[in-house]
Amino acid sequence: MSGLLGIRLLLLLWGCGCLWLTSPTSGTLVIFEDTEAPEEMSGTPKLLQKRSTNEATVEVHSVTVDCTVTSRFAHTVMTSVALNKANTSKEIFFEVELPKSAFITNFSMEIEEKVYVGVVKEKEKAKKQYQKAVSSGQTAGLVKASGRKMEKFSVSVSIAAESNVTFVLTYEELLQRKLGQYEILIRVKPKSLVQQFQILTNIYEPQGLSYVDAHATFLSNELLPLVEKTVSDKKAQISFSPTLEQQRKCPGCDGTLIDGDFIVKYDVNRQQGLGEIQIVNGHFVHFFAPPDLPRVPKNVVFVIDRSGSMYGRKMAQTREALLKILPDLHEEDYFALIQFDTSILSWKDSLTKATKENVAAAMNYVKTIVDNGGTDINAAMLQAINMLVKDRQGNLLPERSIDMIILLTDGMPNSGVSDISTIQENVRSATGGNMSLFCLGFGNDVDYNFLDVMSKQNKGLARRIFEASDAALQLQGFYDEVSSPLLLEIDLQYPDNAVDYVTTSHFPQLFNGSEIVVAGRLMDNDLDNFLVEVVGQGFEEKFNVQGQATVVDWNVMYPDESYIFGDFTERLWAYLTIQQLLQKSESGASDEKANATAKALEMSLQYSFVTPLTSMVVTKPEEGDEPDSSFIADKLTEEQRQQAERGRPMAFAQAVPASRSYAQALPSPVYLVDGDPHFVIELPERNDSLCFNINNAPGTILNLVRDPETGVFVNGQIIGDKKIPPNGKMNTYFWRFGIIHQTLGVRLQVTTQYISILQDGKEVKLLWADTASLKGPNVDIHVTKDRSLTVTLKGSVKFVILLHKVWKNHPYHRDYLGFYTLDTHLLSPSVHGLLGQFYHGIEYEVTGLRPGESPEKPDATMFAKGQELNVTRGWQRDFRRDIKNGENVPCWFIHNNGSGLIDGVETDYIVSGLFTTV
């Protein structure tokens, strides 16, 4: 197959607003040697990439991005042409990153004058086609999470000698106004030269453009003149088209100067009144964001998670953000601070006016917040709500003001009421629809879907805060978006006999710098009586404006344009309707969810949008010896993105019910041992895994983690089958673990029957037969009945142990345990053990792919720790999402008890007792 023996080319178009072109680890143009195989999609073996010295056989002829923005609705077409100049067929790989808010609407390939066009299908039908392609050995397309804002779509195709291929991908999205502007970000990191390279952005705004700004991080004096910007009253064009020579870092070299972000920011003219209403081809869109309105005072309760998992940088960044947010409160605002773990602690019993003196006192209080204990979200939320209700009933708050709660948490509820649906119902009932809830989910431990639904049920929204150096800025940026409400309870009203199928037209609040958008269908073309009214509650008085909608003649306004989007209002309406239906399918009442899902699916198919309910399938028919090839353009939910970011890419995007998704508690990376015993080392930065087995006699105790600096040790004892099965292979497993934290004075023994916790001479036993939590000053324990145990050591690592129960009367097998480690960055650099030695990464390289004993498991050569190893591409079982059946994890398997990968040999890790620390 040319896919295994050919030269592979990556043509990477990265889009946020329009396009990104990125570097080798995050995307670039790379050509591989004949001995290398193409990277395969998640769920199939993923092969290491290596540069070739023979780059002239495949040429990137052109990369073109044409982004047209019309009344905030962006239509982006990415086109790339590659030439195979060799005398043999080559595999060409195409990857595109696009904004997570966008819907793919078309993907096509032109090969030897034949065009293969994508068709949008229901996800389950597309899934079957995808799985068929994978099982037949074909490389199938896949969309997976990439960074905070993007998703990556990948396909590859075999191209005959001296032929070319043209890839075209189209997506659409409605740009959202944030902090007073729209932004188109174009990340340009090709790391290689392109024969014809062009980025073209056209902006059409009938309201008139108030400003347009374009800049880039990589613009030198030589490149600056290549950015051409033409701006008139209602149109702007920005282009960037460097020639091949202008791209070069130096004369004759292959390096490129183009490396950074190209950013276009703009806003439109705004007038007091109704806003802007545009009517085209039987559909209307209404943009409402009146300028210069006085802000409405707010009453805000900050609810701050201080549980043990917030230890270290998270807590420091939270304090840093609050110390910047509090001084931005206006003096007419009221505020409160509530911190929580297993207990709830309020700064004051009532909300406080945001005077300079009170803000200064609150800032001193924030500096004292430290992490401790579990996560009782239910009690914290009810206390915040009760405080607002009590103060409102006592007339202690301004009558015309908005009540809001901002919850910041990094974990799942594991103290007090821990059932997610119960918490959501408690919060919704307590607020009574009179408050706005904004939830900030910090890091990857958080159950984002839980927060997202709870926010939407209470007139708010959720936002993920990524665990990075800029987390404090993320928190502050979100607060800036919601800190200045201008109107409350806004209704946009249209004549019932003139419109139907109108999107959401009631909004709880309008914030400064944002925008309300409503779209709908016209029942007829008689616009003489198309009266529009907008009502809301302002700071001092009610807001009420009404007027007659007028039709804009696009041909008059843009007479010289061959307008690409005659139906843009209809597509904008469909896009907005689908987005709102998808939200309702998650957070609506039970009787609404099924109807919303069905309607969203129907419209996704009708308008060829790739949404979480649909996928786009491109089929290249069988030719010669090559079977059919199917490529899938898919769409992820935020929950699926989060799972992927934890280091577990999904073979095919599909929802995992919360009741089955233990992985919601697992961040990336995860190091585990489960099964016979199978060790798996996940390397999410490389989207890869290493694995090995340790085969030793039952009764052997092995050291898994040893960190004398922090005092953390973990040992595990092996147990074997009851007797040798008929196949003659004795299976071995871990059946008990000893966990020691010398500094904290904690010892835990976890067996398949019970969990024993020993501290300060006192012992507590928990049984797997019960769901239970134990909160102590130094350790938190949470048992999910017959399923999992989570151990959180204060200020240190977190362990999750899974219980695998087998049939009691099984003739051979026994119950056994799986061991997973999280937050390993909190251990010292000298940590060691069978798992611990990998906690701070490992460098390796894989080359020389060749057939193995099994056709689906090729062999290769690995270079690691100065040694050359023979490895096999295989699978191990991962039970994080499905504790009963597990999932296949593709990994490089190191033979002979991990020899060459682990330090020393496996017998070096044998210890004398379960609590041995030497």
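Structure: see above.
Attention here is on the structure that accompanies the text. For clarity, every value in this text was computed on a predicted model and none was experimentally measured. (Residues numbered from 1 in each chain as written. Predicted model: local features only at pLDDT ≥ 70, side-chain atom pairs only at ≥ 80, totals over all residues. Heavy atoms only, no water.)

Attention shifts here to the sheet that holds strand 30 (residues 516–522). The strand order 18-19-30-28 describes an open sheet built from four strands, whose pairing is antiparallel. Every other strand in the sheet has two partners, leaving strand 18 (276–280) and strand 28 (499–500) as the edge strands with one partner each. Across six bridges, the pairing between strand 19 (residues 283–288) and strand 30 is antiparallel. Within strand 30, the residue paired with phenylalanine 284 across the bridge is glycine 520. Of the strands in this sheet, strand 18, strand 19 and strand 30 are in contact with helix 11 (residues 568–587), which crosses strand 30 at around 115 degrees. (Pairing = 2+ DSSP bridges. Helix = DSSP H or I, 4+ residues; strand = E, 2+ residues; numbered from the N terminus. Contact = heavy atoms within 4.5 Å. Axes fitted to C-alpha atoms, helices over the stretch in contact; angles between N-to-C directions.)

Of all 10 residues in strand 40 (residues 732–741), nine are buried, a share of seventy percent or more. Two elements, strand 40 and strand 41 (residues 746–751), share six bridges in a ladder whose sense is antiparallel. Looking at strand 41, one finds that phenylalanine 737 is bridged to valine 750. Where strand 40 folds back onto strand 41 in an antiparallel hairpin, the turn is made up of four residues, including glycine 745, whose phi is positive at roughly 70 degrees. (Buried < 20%, exposed > 50% of the residue type's maximum accessible area, 1.4 Å probe, protein only.)

This part covers the packing of helix 11 against helix 12 (residues 590–606). Describing two packed helices takes the angle between their axes plus the distance from one axis to the other. Close contact between helix 11 and helix 12 brings their axes to 8 Å; oriented N to C, the two are set at 150 degrees. Compared by their axis directions, helix 11 and helix 12 come out roughly antiparallel. The chirality of how helix 11 crosses helix 12 is left-handed. Contact residues: Trp573, Ala574, Thr577, Ile578, Leu581, Leu582, Lys584, Ser585 and Glu586 in helix 11; Glu592, Lys593, Ala596, Thr597, Lys599, Ala600, Met603 and Ser604 in helix 12. Classifying every residue of the contact of helix 11 with helix 12 by side-chain character gives eight nonpolar, four polar and five charged. (Parallel < 35°, antiparallel > 145°, perpendicular 65-115°, else oblique. Left-handed = near helix turned anticlockwise from the far one by under 90°. Nonpolar A, V, L, I, M, F, W, Y, C, P; charged D, E, K, R; others polar.)

Any covalent bond linking the sulfur atoms of two cysteines counts as a disulfide. Evaluation of the coordinates by the stated rule reveals two disulfides. One disulfide in the model links cysteine 691 with cysteine 891; its S-S distance is 2.1 Å. In this structure, the disulfide formed by cysteine 691 and cysteine 891 twists by about 65 degrees around the S-S bond and is classed as right-handed. Residue cysteine 691 is found in strand 37 (residues 688–693), and its partner cysteine 891 is found in strand 52 (residues 887–894); the two are separated by 200 residues along the sequence. Given the relative accessible area of 0%, cysteine 891 is considered buried. (Disulfide = S-S within 2.5 Å.)

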